[in-house]
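# Architecture at a glance
Below are the chains, spelled out letter by letter.
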Amino acid sequence: MKSINDPKIAIIKLSAMGDIVHSVVVLQFIKKHYPNAHITWIVDTKFAQLLRGTPGIDRIVALPLKDKKYFKSFKILFTLGKFDAVIDLQGLIKSALVAKLISGEIYGFSRESVKEKFASHFYDKQLEIDYNKNIIIRNLSLSAFALDFNFHKDEILAKRPCFGEYNKIQNQPKRILIAPFASEESKVYDKFDEVVRGLSEFEIFIAHSSPAEFEKAKLIAKDTKAKILEKQSLKQLIEFISQCDLVIGNDSGVTHIAWAQNVASITLFGNRPSHRNAYATSKNLVLDMGKKIDARSIDKNDFCIRKIYAETIINHAKRLLANA
């Protein structure tokens, strides 16, 4: 993109919750280099609430694609006007088609770098980057490629809370949120009941998002002082996480929000590549089985996450809480 003082930028990241959370960090980097940029974020209606009030976003465009309201979505896209840069962080054929329907130069990942290879045909300019590289680095690299800026690891570590600042409740006991569920059964750890019992001196909440998960959460909390977190809107969940001292969970949107909000976390991995799907820091830990996993070849019958010792999680949690 040519150097423009106040560029109009469209970011496309339609879904899902964790993927969107992994993307919002690019906003503060873009605003650092283009403080007058006008940023439009295009997202599926189902996840639009997640982005409401997020610093750096000037306009949210919600498309009802998951509801299969394609004609309505097309009508919305045709009214958006021209952009100086359209950045497809999703890398799917669907998101690439959305980009193509918008007026502006389209930036995306190259054929070998993108999730769905055919999507690359819709991009005007392509970035080649290893598909297995860390997702935060991938998102920032594409944004930097499109907008001609550089970034450094220290800037990532020094990031501000991506969804904004929330005042922490004063004088509350140290609070842990357990996020024991995930979209795939092979991503779910099965010893959270032991973890809860091992951290019983702390205030513990257990998150859930469906009636079935609620029943499972009750089993995890059984005979302990752990509380089941009331059903939250996405914005309420962000606020609650921001007021926690530690989040422990599977590879899911909840643990990724903790990272985005600079809250200590322990994220558990089994058959997914932890080096790609989480950005580890001194207080955002990842625990896995040490397997070398290709992100393009996930074995959904691999339940190795269940081999992680509960005691290992408990010990790391107590160390993080001692420093909180």
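Structure: see above.
Scope of this entry: the structure provided in the associated data block. (Residues numbered from 1 in each chain as written. Predicted model: local features only at pLDDT ≥ 70, side-chain atom pairs only at ≥ 80, totals over all residues. Heavy atoms only, no water.)

## Some thoughts on the environment of Trp41
By the secondary structure assignment, Trp41 is in strand β2 (residues 38–44). Looking at Trp41, the relative accessible area reads 0%, which means it is buried. Linking Trp41 and Ile20, residues 21 residues apart in sequence, is a C-alpha distance of 10 Å. Discounting chain neighbours no more than four positions away, the residues touching Trp41 are Ile11, Lys13, Ile20, Ser23, Val24, Leu27, Leu51, Ile57, Arg59, Ile60 and Val61. Of the polar contacts made by the side chain of Trp41, one reaches the backbone oxygen of Lys13; its length is 3.2 Å. (Helix = DSSP H or I, 4+ residues; strand = E, 2+ residues; numbered from the N terminus. Buried < 20%, exposed > 50% of the residue type's maximum accessible area, 1.4 Å probe, protein only. Contact = heavy atoms within 4.5 Å. Polar contact = N/O pair within 3.5 Å; in protein donor to acceptor, adjacent residues only side chain to side chain.)

## Re the packing of helix α10 (residues 234–242) against helix α11 (residues 253–260)
Running from N to C, α10 and α11 point in directions that differ by 60°, and their axes come no closer than 9 Å. In this view, α10 runs oblique relative to α11, as classed from their interaxial angle. For α10 against α11, the interelement crossing comes out right-handed. Each of Leu237, Ile238 and Ile241 in α10 lies in contact with α11, whose residues at this interface are Val254, Ile257 and Ala258. Residues belonging to the contact of α10 with α11 are distributed by class as follows: six nonpolar, no polar and no charged. (Axes fitted to C-alpha atoms, helices over the stretch in contact; angles between N-to-C directions. Parallel < 35°, antiparallel > 145°, perpendicular 65-115°, else oblique. Left-handed = near helix turned anticlockwise from the far one by under 90°. Nonpolar A, V, L, I, M, F, W, Y, C, P; charged D, E, K, R; others polar.)

## Describing a nonpolar patch on the surface
Where nonpolar side chains cluster on the molecular surface, the patch consists of Tyr70, Phe74 and Phe78 and spans about 340 Å² of accessible area. Mapped onto the fold, Tyr70 is located in helix α4 (residues 70–77). Classification of Tyr70 as partly exposed rests on a relative accessible area of 41%. (Patch = residues over 30% accessible without salt bridge, like charges linked within 9 Å, V, L, I, M, F, W, Y side chains within 5 Å. Areas by Shrake-Rupley, 256 points an atom, 1.4 Å probe, with all protein chains shown as cover. Salt bridge = Lys/Arg side-chain N within 4 Å of Asp/Glu carboxyl O.)

## Thoughts on the packing of helix α2 (residues 26–33) against helix α6 (residues 135–147)
Look at α2 against α6: their axes get within 10 Å of each other, and the N-to-C directions meet at 25°. Relative to α6, α2 is oriented roughly parallel. Relative to α6, α2 is oriented so that their crossing is right-handed. The residues of α6 that touch α2, namely those facing Val26, Phe29 and Ile30, are Asn139, Leu140, Ser143 and Leu147. Classifying every residue of the contact of α2 with α6 by side-chain character gives five nonpolar, two polar and no charged.

## Considerations on the environment of Pro180
Looking at the secondary structure, you find Pro180 in the loop between β7 (175–179) and α8 (192–198). Classification of Pro180 as buried rests on a relative accessible area of 1%. For the pair Pro180 and Ile206, spaced 26 residues apart in sequence, the C-alpha to C-alpha distance is 7.5 Å. In this structure, Pro180 is in contact with Val188, Tyr189, Phe192, Ile206, Ala207, Ile220 and Asn250, ignoring residues within four places of it in sequence.

## A few points about the nonpolar core
The biggest cluster of nonpolar side chains holds 79 residues, and the ones touching the most others in it are Ile11, Ile30, Trp41, Ile42, Val98, Leu147 and Leu177. No other element matches α6, which puts eight residues into this core. With 30 residues, the next largest nonpolar core counts Ile206, Ile248, Ala310 and Ala317 among its residues. (Core = buried A, V, L, I, M, F, W, Y, C linked by side-chain atoms within 4.5 Å.)

## With respect to the sheet that holds strand β5 (residues 106–109)
Spatial strand order, β3-β2-β1-β4-β5-β6: six strands in an open sheet with parallel pairing. This sheet does not close on itself; its edge strands, each paired only once, are β3 (59–63) and β6 (125–127). Going across the sheet, the axis of each strand differs from the next one's by a mean of 20°, ignoring polarity. Two elements, strand β1 (residues 8–12) and β2, share five bridges in a ladder whose sense is parallel. Pairing of Lys8 across the sheet is with His38, part of β2. (Pairing = 2+ DSSP bridges.)

## Structural notes on the packing of aromatic side chains
Summed over the entire model, instances satisfying the criterion amount to six aromatic pairs. Pairing Phe205 with Phe240 gives two aromatic rings, centres 5.1 Å apart and planes at 80°, and the pair type is edge-to-face. In this pair, Phe205 is assigned in strand β8 (residues 203–206) and Phe240 in helix α10, connecting sequence segments 35 residues apart. For Phe205, a relative accessible area of 10% puts it in the buried group. If you follow Arg276 out to its NZ or CZ, it ends over the ring of Tyr131, 4.3 Å from the centre. (Phe/Tyr/Trp six-rings, centres within 6.5 Å; stacked < 30°, edge-to-face > 60°. Lys NZ or Arg CZ within 6 Å of the ring centre and 35° of its normal.)

The values are spatial; any link to function lies outside them.
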